Amino acid sequence: MSNIIRRDPRIERIIRNRLHPMHANFATGLVRGPTGLIRKNPHQVGFIGPNGIKRIDRSATGVSAAQFASRSQTKGAEQQEVRKPFVVEEPAFYITVVLDLVGGRLTSHDKDILGQAHLLATESDETASNEKGAVLAIAFGELKDDSLKFAGIDRLLHFADEEFQLFNPELKLTALTAVEVSYQPKHWLLPDSIHGGGDLGRRLAARLNERPATQVWKFEQDKITCRASGGTQDIERSIPRIMLLAEEVAYPVMETEHQATPLELPEIPAVLTQMEDLGQQAVDPSEIPLGEAEFILSGGNGVTDWELFHQASTTLGATEGASRVAVDNGDMPRFRQVGATGTWVSARVYIAVGISGAIQHLQGIGQCEKVIAINLDKDCDMIKRADLSIIADSSAVLEELIKLVDASKQEATANAA
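Remember, predicted model here, so these are calculated numbers, not experimental data.

A. Up close: the environment of Ala213. Tracing the backbone shows Ala213 in strand β9 (residues 213-220). For the pair Ala213 and Leu189, spaced 24 residues apart in sequence, the C-alpha separation works out to 9.8 Å. Ignoring anything within four residues of it in the chain, the contact list for Ala213 reads Ile224, Cys226, Arg237, Pro240, Ile242, Met243 and Leu244.

B. Geometry of the packing of helix α4 (residues 169-183) against helix α5 (residues 197-208). Running from N to C, α4 and α5 point in directions that differ by 55°, and their axes come no closer than 10 Å. Of the possible angle classes, the one that applies to α4 and α5 is oblique. Considering only the axes of α4 and α5, their crossing is right-handed. In this structure, α4 uses Pro169, Lys172, Leu173, Leu176, Thr177 and Glu180 to contact α5, whose residues at the interface are Asp199, Leu200, Arg203, Leu204, Arg207 and Leu208. Looking at the contact of α4 with α5 residue by residue, the classes come out as six nonpolar, one polar and five charged.

C. Looking closely at the environment of Phe164. Mapped onto the elements of the fold, Phe164 is located in the loop between β7 (155-159) and α4. Taking the C-alpha atoms as reference points, Phe164 and Phe140, separated by 24 residues in sequence, lie 5.6 Å from one another. In contact with Phe164, other than residues within four places in its own chain, are Phe140, Gly141, Phe159, Leu171, Lys172, Ala175 and Ile268.

D. A look at α5. When the terminal C-alpha atoms of α5 are compared, their 16 Å separation across twelve residues agrees well with the 16 Å that a helix rising 1.5 Å per residue should span. Inspection of α5 places Gly197, Gly198, Leu200, Gly201, Leu204, Ala205 and Leu208 among the buried residues, and these make up the whole buried set. Along the long axis of α5, the arc covered by the buried residues comes to 165°, so they all point the same way. Those residues of α5 that are buried lie in contact with β5 (94-98), β6 (134-140), α4, β8 (187-191) and β12 (242-245).

E. Structural detail: a negative patch on the surface. A contiguous patch of negative charge, built from Asp305, Glu307, Asp393, Glu399 and Glu400, is present on the exposed surface. Looking at the secondary structure, you find Glu307 in helix α6 (residues 306-316).

F. Quick look at the packing of aromatic side chains. Summed over the entire model, instances satisfying the criterion amount to five aromatic pairs. Aromatic side chains Tyr94 and Tyr183 sit 5.8 Å apart centroid to centroid with 85° between the ring planes, which places their arrangement in the edge-to-face category. Here Tyr94, found in strand β5, pairs with Tyr183, found in helix α4; they are 89 residues apart in sequence, far enough to count as distant. For the pair Tyr94 and Tyr183, a shared accessibility class is recorded, and that class is buried. Taken together, the aromatic side chains of Phe140, Phe159 and Phe164 make up a single cluster linked through ring pairs. Over the aromatic face of Phe86 sits the side chain of Lys132, whose NZ or CZ is 4.8 Å from the ring centroid. Positioned over the ring face of Phe93 is Lys186, at 4.9 Å from the centre of the ring.

G. Region of the structure containing the sheet that holds strand β17 (residues 349-353). The strand order across the open sheet built from five strands is β16-β15-β17-β18-β19, with neighbouring strands paired in parallel fashion. In this open sheet, the two strands that pair with only one neighbour each are β16 (319-322) and β19 (388-391). In this sheet, neighbouring strand axes are inclined to one another by 20° on average, regardless of whether the strands run parallel or antiparallel. Bridge analysis of β17 against strand β18 (residues 370-375) gives five bridges, and the strand direction is parallel. Looking at the pairing, Val349 lines up with Lys370 of β18. With respect to the sheet, α6 is in contact with β15 (295-299), β16 and β17, its orientation differing from that of β15 by roughly 175°.

What counts and how
Residues numbered from 1 in each chain as written. Predicted model: local features only at pLDDT ≥ 70, side-chain atom pairs only at ≥ 80, totals over all residues. Heavy atoms only, no water. Helix = DSSP H or I, 4+ residues; strand = E, 2+ residues; numbered from the N terminus. Contact = heavy atoms within 4.5 Å. Axes fitted to C-alpha atoms, helices over the stretch in contact; angles between N-to-C directions. Parallel < 35°, antiparallel > 145°, perpendicular 65-115°, else oblique. Left-handed = near helix turned anticlockwise from the far one by under 90°. Nonpolar A, V, L, I, M, F, W, Y, C, P; charged D, E, K, R; others polar. Expected span 1.5 Å × (residues − 1). Buried < 20%, exposed > 50% of the residue type's maximum accessible area, 1.4 Å probe, protein only. Arc of directions from axis to C-beta. Patch = residues over 30% accessible without salt bridge, like charges linked within 9 Å, V, L, I, M, F, W, Y side chains within 5 Å. Areas by Shrake-Rupley, 256 points an atom, 1.4 Å probe, with all protein chains shown as cover. Salt bridge = Lys/Arg side-chain N within 4 Å of Asp/Glu carboxyl O. Lys, Arg positive; Asp, Glu negative; His and termini not counted. Charge placed at Lys NZ, Arg CZ, Asp CG, Glu CD. Phe/Tyr/Trp six-rings, centres within 6.5 Å; stacked < 30°, edge-to-face > 60°. Lys NZ or Arg CZ within 6 Å of the ring centre and 35° of its normal. Pairing = 2+ DSSP bridges.

Given below as structure tokens:
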């Protein structure tokens, strides 16, 4: 049976009013602005998500850094993770994860789901008899990521044929059906995303005649909690076989190194497809909302030539963002503001140009996978947060970057001719 949890609008009004005497009792829960949109509270400790759970900070220096694996640093070399080997010789069962693999690489959503799959494989009833489960990952198309064993993958099925790189849900569904017959997974986990996982998971549930759970964001022993009604309700139900998981459902695997052993692909019957992939359509990066952008070029008070900044974003194909100072100065519109008081972003690559890194801005980019900082101040907080730092004048760096990208495009055009 499913239980629907309705949130009291009176409590939401108390949460929004920081002067209310009962505000402190509910401040860690859902926070909504006057328009009804979910807002993040920059005044509380940590990163709190829409349902009051702690947000995952992707940065190694953030509030959840204690969750990251211990690292040893050698002189003149990059930090390398020290992880315990996790070996499953004969799995008692499989927890199967269908990966999104945007651009051939694991997304943060994929890593969250693999973390949850690892918990299901190691904390289920079967493990009481010392029988380990294994996380079986399914990858379609191009696979560029070389960190699969660090993400919690014990076994891998890689369907690498060219037709799997196209939008071909009928063929992928047939492949998943073959996996069901050959490996009989205990659970199927898919990202409830716009990158294909949401659509494919619902198709699979219909094919296997299973009742799926969507937008799953919480696991508790033998039950799960799902978001419903645009995030205004929670539904509790028992754990089904097929689940479509929301982002941040669990922490990624951070302490163990897995095998990622390739398995033999099952035989797939011929499929007569009824749709044709016409390729990707070019999209103007300026039309992509900040909250959905995967590549952001963000400018701050250190940008001295905004025309050059706009030229660089066009050349790179990046969505433009800005710090609060740049917005207050009138250099960028308000809807481009990144941070806890603006838009929280989750880009795969975030380039901060001339941004010192106020706490509200750092909170707003906590979900970004890779942060690149260009700044003259080597001691600013953004440099400390960044995965790659460039200590130089921003205009000089942007000019050189435009030259390199233009030269690369001309070379590619010449080779194609």
